[in-house]
Amino acid sequence: MAIERRREAGGGGRPLPEENGSVPGAVGGGAAAPPGPPPANAAGAEIQALPVPPPAAACSPLLLDYDGSVLPFLGGLGGRYQRTLVLLTWVPALVIGFSKFSDSFLLDQPDFWCREADGQGNWSGTLAPIHANHSGNGSIFPPPGLPTPAGGNASECGCREWHYRIRAGLVQNVVSKWDLVCDSAWKVHIAKFSLLVGLIFGHLITGCIADWVGRRPVLLFSVIFILIFGLTVALSVNVTMFSTLRFFEGFCLAGIVLSLYALRIELCPPGHRFMITMVASFIEMAGQFLMPGLAALCRDWQVLQAVIICPFLLMLFYWVIFPESLRWLMATQQFEASKELILQLTHKNRMSTESDIKGVVPELEKEITRRPKKVCIVKVVGTRNLWKNIVVLCVNSLTGYGIHHCFAKSMMGHEAKMAITHNFYADYYTMAGIALASCLAMCPVVGFLGRRGGLLLFMILTALASLLQLGLLNLIGKYSQLPDSGMSDSVKDKFSVAFSIVGMFSSHAVGSLSVFFCAEITPTVIRGGGLGLVLASAGFGRLTAPIMELHNQKGYFLHHVIFACCTLICIICILLLPESKNQHLPENIPDGEHYTRQPLLPHKKGEQPLLLTNSELKDYSGLHDSAAVSDGISENTTANGMK
């Protein structure tokens, strides 16, 4: 017998409790079991006698259904306290916008010329400014019509004192402070690297920490350290110190961005998540639009840096007024802290616990002795579907932000003839305006087509703009060289600008929507880690811009071709994603696994759907647990207990 073999292998004749209770007299010190094969009902009893996990080990489904039971009990967004918390997640977005776009002003490459030409800063009585091109490197040749100094490159770069004309509204910035021109121009790109690399590492590390210790501690410690490092940046004595401190500033900024994003998502009911996230994006873009005015008021880069960082002081009060995410506490089974927070929320909203129709508080009291269950993002590797969804969205985010730089360079011109303007403010506000138009278009598109349909539409637009720019423009360039074609280079430039605007418009939407989509489909227990991965992928995409500038745009065409191929791959992979519009957020990994793919278009009446719904899915999570049970059943016994 299978059970007898297991007992003998265990090293003794101690009866199993399940065996004593289920099959009396079969084992133990009583009458021995009769020899020979048992009847069918005895075999079935033996199978029932195998130890199985007790049902009480599972948590109450009511407590794990946050959107369906806990959030309605608290009033959703109808509660005054919840609305206040959402407002508090919006306010820092303005300062975050200042911080993200500060590099455009602190590290802008100004026009410059040597002040030692004739002892008074003149070239034969005329200033000969050296114009900065759009790649960020200063060209050492004066514009046409101005005298060229004798000696060319060598004599100019050998100058010991420079005069600068900064275009970004400042009297002095980092470049003019430490003469980061000519042979030292590469240090500007390293300084740009430092903030982006800090953001990448910050998203990855703070995301995992937020899943382990909570969103609130990550937010508050990030605020404290960004005040320390950010204000110390303004006191830098050289560019090395500046770049190092900017790395840590970016690291802390990533913690603030990620924790606020997660808190905002976890506060909202399903129907309001997208619009509340978009409001935060609009406030962040308001910071981008106001940044030139702030720079013009500050005049000096050190004052500007201090003004950007000081508003984070107000966020220190969040320690008192901002609670931990209740959704995260419930998902990680910290029920004692959850009960205290629910009572606090009902008190703040002046609600009575009598409105608890579904009995959330009594269920909490039953489960209050449970030990917390915290999960790390590495657990996603063992899943069937969840890891694929996260990887697809990470690649989408990387492609969207990476190819955005390609379109920007085509529009602004990596060559002088393709630039639509040389005015700093015109270029800056053109980029900001395209981003604003993209976010405005996302609202109706995502509302009508859903997350997956909207992402697919914007990715198709990005791929079309990229392929037409790479292929059609080369064809136009060939025809423009024919004498009777009637085409000029200006036609090619106009097409390039048009395709670039469409590409920037759609690629910005792809990047933003990928981050939001990942926040929705990633379970609450690992949402910080999932957000960290997709935001870090976006950071890698942005990092391609200073890398290309450091190499003076060498390999630009290949760079664009690679990302164009990625857009085609992403179009196919997007079809594999589930739809999360108006769906409850998954709370644990099994919930995330049960997110199913739905057809883009609803099936016709009477048509058999090809994809399973949630109710039709089979649960395979217990396969590994039942492996030991199946090993104990004899090989000559069938699944229903018969020989």
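Conventions we followed
Residues numbered from 1 in each chain as written. Predicted model: local features only at pLDDT ≥ 70, side-chain atom pairs only at ≥ 80, totals over all residues. Heavy atoms only, no water. UniProt positions renumbered as here; feature names shortened; annotations may be inferred. Helix = DSSP H or I, 4+ residues; strand = E, 2+ residues; numbered from the N terminus. Buried < 20%, exposed > 50% of the residue type's maximum accessible area, 1.4 Å probe, protein only. Contact = heavy atoms within 4.5 Å. Core = buried A, V, L, I, M, F, W, Y, C linked by side-chain atoms within 4.5 Å. Phe/Tyr/Trp six-rings, centres within 6.5 Å; stacked < 30°, edge-to-face > 60°. Lys NZ or Arg CZ within 6 Å of the ring centre and 35° of its normal. Patch = residues over 30% accessible without salt bridge, like charges linked within 9 Å, V, L, I, M, F, W, Y side chains within 5 Å. Areas by Shrake-Rupley, 256 points an atom, 1.4 Å probe, with all protein chains shown as cover. Salt bridge = Lys/Arg side-chain N within 4 Å of Asp/Glu carboxyl O. Lys, Arg positive; Asp, Glu negative; His and termini not counted. Charge placed at Lys NZ, Arg CZ, Asp CG, Glu CD. Disulfide = S-S within 2.5 Å. Axes fitted to C-alpha atoms, helices over the stretch in contact; angles between N-to-C directions. Parallel < 35°, antiparallel > 145°, perpendicular 65-115°, else oblique. Nonpolar A, V, L, I, M, F, W, Y, C, P; charged D, E, K, R; others polar. Expected span 1.5 Å × (residues − 1). pLDDT = per-residue confidence, 0-100. Pairing = 2+ DSSP bridges. Polar contact = N/O pair within 3.5 Å; in protein donor to acceptor, adjacent residues only side chain to side chain. Arc of directions from axis to C-beta.

- In the nomenclature of an unreviewed UniProt entry, the protein corresponds to Solute carrier family 22 member 23 from the organism Junco hyemalis.
- As stated in UniProt under Subcellular location (unreviewed entry), the record for the protein gives "Membrane".

1. Quick notes on the overall build of the protein
- Secondary structure summary: the protein contains 26 helices and two strands in total.
- Across the 643 residues in the protein, those meeting the buried criterion constitute 49%.
- A fraction of 78% describes how many contacts in the protein between residues 6 or more apart in sequence connect residues 24 or more apart.

2. Quick word on the nonpolar core
- Among the nonpolar cores identified, the biggest contains 85 residues, and F105, F242, I256, L304, F312, L326 and I342 are the most heavily contacted of them.
- Tallying contributions element by element places helix α13 (residues 239–267) first for this core, with 11 residues.
- Discounting chain neighbours no more than four positions away, the residues touching L326 are Y66, V70, L74, S338, L341, I342 and L345.

3. Remarks on the packing of aromatic side chains
- Per the counting criterion, the structure on display carries 16 aromatic pairs.
- Taking 5.6 Å as the distance between ring centres and 80° as the angle between the ring planes, the aromatic pair formed by F105 and F424 counts as edge-to-face. Taken as a pair, F105 in helix α8 (residues 103–106) and F424 in helix α21 (residues 424–480) lie far apart in primary sequence, 319 residues in all.
- Residue class for F105 comes out buried when judged on its relative accessible area of 0%.
- Taken together, the aromatic side chains of F105, F289, F424, Y425, Y428 and Y429 make up a single cluster linked through ring pairs.
- Of note, R216 hangs over the ring of W319, and the distance from its end group to the ring centre comes to 4.4 Å.

4. Considerations on a positive patch on the surface
- A contiguous patch of positive charge, built from R80, R83, K348 and R350, is present on the exposed surface.
- Relative to the elements of secondary structure, R80 occurs in helix α6 (residues 80–90).
- Here R80 falls in the partly exposed class, since its relative accessible area comes to 48%.

5. Here we look at the state of the cysteines
- Within this structure, the stated rule accounts for zero disulfides.
- You can see C565 has no disulfide; the closest cysteine sulfur is in C566, sitting 7.0 Å from it.

6. A word on unusual backbone geometry
- Although it is not a glycine, Q333 sits at a positive phi angle of roughly 60°.
- The phi angle at N582 is positive, at roughly 60°, despite the residue not being glycine.
- Its location among the elements puts N582 in the loop between α24 (556–574) and α25 (589–593).

7. Examining the packing of α6 against helix α7 (residues 92–100)
- Orientation of α6 relative to α7, taken along the N-to-C sense of each, is 15°, at an axis distance of 5 Å. By the angle between their axes, α6 is roughly parallel relative to α7. Facing α6, whose interface residues are L88, T89 and W90, α7 presents P92, A93 and L94.
- Taken together, the residues that form the contact of α6 with α7 break down as five nonpolar, one polar and no charged.

8. Looking at the pattern of salt bridges
- This structure, assessed with the given rule, holds 10 salt bridges.
- In this structure, R327 engages D67 in a salt bridge whose closest nitrogen and oxygen atoms are separated by 2.8 Å. Taken together, the positions of R327 in helix α17 (residues 326–331) and D67 in helix α5 (residues 66–73) put the pair 260 residues apart, joining distant regions of the chain. Grouping residues by exposure puts R327 and D67 together as buried.
- Here E520 makes a salt bridge to R451, at a shortest N to O gap of 2.9 Å. Separated by 69 residues along the polypeptide, E520 in helix α22 (residues 489–521) and R451 in helix α21 bring together distant segments of the chain.
- With relative accessibility at 4%, the residue R451 sits in the buried group.
- Taken together, the shared-partner salt bridges connect D211, R215, E266 and R527 into one network.

9. Quick look at helix α11 (residues 186–213)
- Taking 1.5 Å per residue as the helical rise, α11 with its 28 residues ought to reach 40 Å, and the 40 Å between its terminal C-alpha atoms agrees with that figure.
- At the C-terminal side of α11, G214 shows a positive phi close to 115°.

10. Let's talk about the side chain of E266
- Turning to its location among the elements, E266 is positioned in helix α13.
- In this structure E266 comes out as buried when scored by relative accessible area, which is 1%.
- What E266 contacts, discounting residues up to four positions off in sequence, is Y66, R215, S325, R327, W328, T524 and R527.

11. As for the confidence of the model for the protein
- For the protein, per-residue confidence averages 76 on the pLDDT scale, and 70% of positions sit at 70 or higher.
- The model gives residues 1–56 a pLDDT under 50, and that stretch makes 42 contacts with residues more than four places away or in other chains.

12. Concerning the environment of F282
- In this fold, F282 is placed in helix α14 (residues 273–298).
- Taking the C-alpha atoms as reference points, F282 and L436, 154 residues apart in sequence, are found 7.5 Å from one another.
- Contacts of F282, omitting those with residues within four sequence positions, involve L436, C439, L440 and C443.

13. Section: the pairing of strand β1 (residues 111–114)
- Of the two faces of β1, the one holding D111 and W113 and the one holding F112 and C114 are both buried throughout.
- Pairing analysis gives four bridges linking β1 to strand β2 (residues 162–165), with the strands arranged antiparallel. Residue pairing across strands places C114 opposite W162, the latter belonging to β2.

14. A few points about the environment of S236
- Tracing the sequence through the fold places S236 in the loop between α12 (215–233) and α13.
- Taking the C-alpha atoms as reference points, S236 and V174, 62 residues apart in sequence, are found 9.9 Å from one another.
- Beyond its immediate chain neighbours, meaning those up to four positions away, S236 contacts W178, M241, F242 and L245.
- Separated by 2.7 Å, the side chain of S236 and the backbone oxygen of V233 make a polar contact.

15. Considering a nonpolar patch on the surface
- A surface patch of nonpolar side chains, about 580 Å² in accessible area, is lined by F201, L204, I205, I209, W212, V213 and L533.
- Along the chain, I205 falls in helix α11.
- Of the residues examined, I205 reaches a relative accessible area of 38% and is grouped as partly exposed.

16. Structural notes on helix α18 (residues 335–348)
- Compared with an ideal rise of 1.5 Å per residue, which puts 14 residues at 20 Å, α18 spans 20 Å between its outermost C-alpha atoms and is within 8% of the ideal.
- Among all positions of α18, only F335, S338, L341, I342, L345 and T346 are buried. All buried residues of α18 project into a common sector of 135° when viewed along the axis, lining one side. Turned more than 90 degrees away from the buried face of α18 sit E340 and H347, all of them exposed.

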